[in-house]
There are 2 protein chains.
Amino acid sequence: MKCYGSSEILKKLEYKNPIFLSIIANTKTSNIPGITGAGASPELTDYTPAADLELVIYGKPRCLPEIPQTVVGDDATPTPAVITKACLEVADIPLMVVDAGAAVKPDVPYIKLGDKSGNDIRTGKAVPNAKKLFKNGIMLGKTLSKLTDHLIIGESTPAGTTTALGVLIALGYNARLKISGSMPENPHQLKHEVVLEGLKAAGYREGDVVEDALRAVEIVGDPMIPAVAGIVMGSSVPVTLAGGTQMTAVCSVIKGINVDYDFSNLCIATTIYVAEDETSDINFITNQIADIPIFALDPEFEKSSVKGLKNYLKGSVKEGVGAGGAMMVAIQKGKDIDEIRLKIEELCKKIF
Amino acid sequence: MKCYGSSEILKKLEYKNPIFLSIIANTKTSNIPGITGAGASPELTDYTPAADLELVIYGKPRCLPEIPQTVVGDDATPTPAVITKACLEVADIPLMVVDAGAAVKPDVPYIKLGDKSGNDIRTGKAVPNAKKLFKNGIMLGKTLSKLTDHLIIGESTPAGTTTALGVLIALGYNARLKISGSMPENPHQLKHEVVLEGLKAAGYREGDVVEDALRAVEIVGDPMIPAVAGIVMGSSVPVTLAGGTQMTAVCSVIKGINVDYDFSNLCIATTIYVAEDETSDINFITNQIADIPIFALDPEFEKSSVKGLKNYLKGSVKEGVGAGGAMMVAIQKGKDIDEIRLKIEELCKKIF
């Protein structure tokens, strides 16, 4: 496990009793052709969050006949839901699913924070219920803090890097060419144009800064962002944000809401495939916001016997469904990465 | 606290870290005039579960302009949600709301187990999704067992004593004239007729026994019953069923599903107003099912300065929203009944 920044927080996280929260949401932005690889077609990305969580819980999706796969090149890459499932199972970590606005609802018990999925951010009206999601998130964070001493929050939001870029740009951060993506070829130009179109639709010109962080989400964000920001701000226990550059948008919103927010109880955990991605720079973005340590987990898929998993080395998928954070918590619970990878391979052979 | 049966289980419950679950559900049966007092009119009973939980969380309902009150005689009786709220607040117990099928959804974060409210049991098709609710309940019980060492399960289901009667009769128990109710005059005859009409509509004659417990729920139950049966059977920690005679129907379903079920981790906690009710007999019903201890909590409303609370002494309301179990857990957390009653009165003065 590589650490960018201070690893001091690990002392608070060791030997703790964690809850893994999986936030699901959709934004119609994912239906823009070419913007995301998180689904077999732009339309099918509506199903990806629900199908991912059904896979984590049941070992196969129920809302779709097929497994969600990122299709790049010849081989389909297994969804990161398999990584998350493997980690939660080997380490016996309780999972709770939180719906912040999934287009398709999973066939599992879940906590409902919001109902509506986000709109295409080109409308400039991306998340009309952002404030409500934030408030509900606060309540949930308070409640869960009474039940655990470490919250790990993953997410499944197709096109979520585009909406993250939207929020970061709206709040004045330099994030252009720095945001990650689920495909080896990161469509930076398309993502940037989509964001600018959304800002323009809401009456902002390039370079304008939206003063109100939740307003930025309303314009060009997605429902996951205010929900997770709320959970973090409502929580009184250490929180690991399990995700890639999307989680930096959550941090930017938290800082936008409270410029004096104490980030010392927060860290980001992601995969090495995000952390070392040459088409993005999570550290560069995070450093603009606050001193937040980033842990990068390496499942060492170069050693894998499953061909599709090796696509992660080529930049396919990279992260999702909190895969990085799930590996981190499994390691904290005493598992080693070989055992985790073996479990991932076993699941891949069974599922695909 | 009075105990009927062995109080052995208390040893397992002391000094524990509880979660209070509040299950909300509706059955169209509550729209039958005269069957329940849990709402200002038969139609408004659709709002009662959501309004009750909003009151517990926010101190006032949001889905309704008015406070849910059981209207009997001249004085309105404060909803038992006030008792539950007082107990959870004085003892700082985390609350999670679970929707098993509320007709109106509360404006709070909640765990979704089911969506549809139950049908009028006179149709003989009361809960078409009973099996699904049971399965989802099992999953939730398993997850929550990893987060707590004591689950307290309350419910808010208008006309729930009628549906409980339905399930008990369908499963061959002697429950006629023994089931409780929210009004001083318990409409036993009406409830019984409604149950028989439902059984008949499903092809059963009086005295027939439905062999399959979840089938009994499908015919004449309500969505709360299979959801709670599932949570209990999925749980590996001690469970307190916080409710009156409705909870005996849950126990009957558990026994129907597994005749060898070990009830030693289960107890019922209710109010003294149910336990000493002369129009019903919770002990008589429970004794037919299994050796399940019943704890009866007395808020001593005869000492109360709030007039409406004294209606509880006359048989109005009696129990609901897990009021009895909430008192039990607050006492376990070191609070005494005078402190609890003072808090209830303080809330009543603020709210009503």
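Notes on the structure follow. Worth saying up front: this structure is predicted, and the values here are computed from it rather than measured.

### Digging into the relation of the copies chain A and chain B
(1) Moving on: At an RMSD of 0.0 Å, chain A and chain B line up after a rotation of 180° and a shift of 0.0 Å along the axis. Taken together, the rotation and translation describe the operation of a two-fold axis. In terms of C-alpha distance to the rotation axis, chain A has I111(A) as its closest residue, with the C-alpha 2.0 Å off the axis.

### Examining the pairing of strand β7 (residues 150–156) of chain A
All names here are of chain A.
(1) Moving on: Across the 7 residues of β7, 7 count as buried, placing the element largely inside the fold.
(2) Moving on: Of the two faces of β7, the one lined by H150, I152, G154 and S156 and the one lined by L151, I153 and E155 are each fully buried.
(3) Moving on: As paired elements, strand β2 (residues 18–25) and β7 share 7 bridges and run parallel to each other. Within β7, the residue paired with P18 across the bridge is H150.
(4) Moving on: Bridge analysis of β7 against strand β8 (residues 239–242) gives 4 bridges, and the strand direction is parallel. Paired with I153 across the strands is L241, a residue of β8.

### Observations concerning the environment of L190(B)
Residue and element names in this part refer to chain B.
(1) Moving on: If you trace the backbone, L190 turns up in helix α6 (residues 188–201).
(2) Moving on: As a C-alpha pair, L190 and P33 span 157 residues in sequence and 9.9 Å in three-dimensional space.
(3) Moving on: Apart from the residues lying within four places of it in its own chain, the contact partners of L190 are P33, G34 and I35.

### Re unusual backbone geometry
(1) Moving on: The backbone of A159(A) sits at a positive phi, close to 70°, despite the residue not being glycine.
(2) Moving on: Looking at where A159(A) falls in the secondary structure, it is placed in the loop between β7 and α5 (160–170).
(3) Moving on: One non-glycine residue, K318(B), lies in the positive phi region at around 75°.
(4) Moving on: Take K318(B): it is sitting in the loop between α12 (307–310) and α13 (323–332).

### Quick look at the interface of chain A and chain B
(1) Moving on: Contacts between the two partners involve 24 residues from chain A and, on the opposite side, 24 residues from chain B.
(2) Moving on: Summed over both sides, the interface of chain A with chain B buries roughly 2,000 Å², with 64% coming from carbon and sulfur.
(3) Moving on: Looking only at chain A, the three residues that lose the most surface to chain B are P109(A), K146(A) and L147(A), adding up to 29% of its buried area.
(4) Moving on: In this assembly, chain A and chain B are joined by 4 salt bridges.
(5) Moving on: The residue D92(A) makes a salt bridge to K146(B) at a minimum N-O spacing of 3.1 Å.
(6) Moving on: Counting every contact that joins chain A to chain B gives 6 residue pairs in polar contact (both at pLDDT 80 or more).
(7) Moving on: Sorting the residues of the side of chain A that touches chain B by element identifies α2 (48–58), β5 (95–101), β6 (110–112) and α4 (130–145) of chain A as the ones contributing at least two each.
(8) Moving on: The leading source of residues in the side of chain A that touches chain B is α4(A), at 5 residues.

### Considering the side chain of T286(A)
Residue and element names in this part refer to chain A.
(1) Moving on: Within the secondary structure, T286 sits in helix α11 (residues 282–289).
(2) Moving on: Here I282 takes part through its backbone oxygen, which lies 2.7 Å from a polar atom of the side chain of T286.
(3) Moving on: Non-local contacts of T286, meaning those with residues more than four positions away in its chain, are made with T248, I268, I292 and I294.

Quick notes on the rules
Residues numbered from 1 in each chain as written. Chains lettered and ligands numbered in written order. Predicted model: local features only at pLDDT ≥ 70, side-chain atom pairs only at ≥ 80, totals over all residues. Heavy atoms only, no water. Least-squares fit on C-alpha atoms with pLDDT ≥ 70 in both. Buried < 20%, exposed > 50% of the residue type's maximum accessible area, 1.4 Å probe, protein only. Helix = DSSP H or I, 4+ residues; strand = E, 2+ residues; numbered from the N terminus. Pairing = 2+ DSSP bridges. Contact = heavy atoms within 4.5 Å. Buried area = accessible area lost by both parts, 1.4 Å probe. Salt bridge = Lys/Arg side-chain N within 4 Å of Asp/Glu carboxyl O. Polar contact = N/O pair within 3.5 Å; in protein donor to acceptor, adjacent residues only side chain to side chain.

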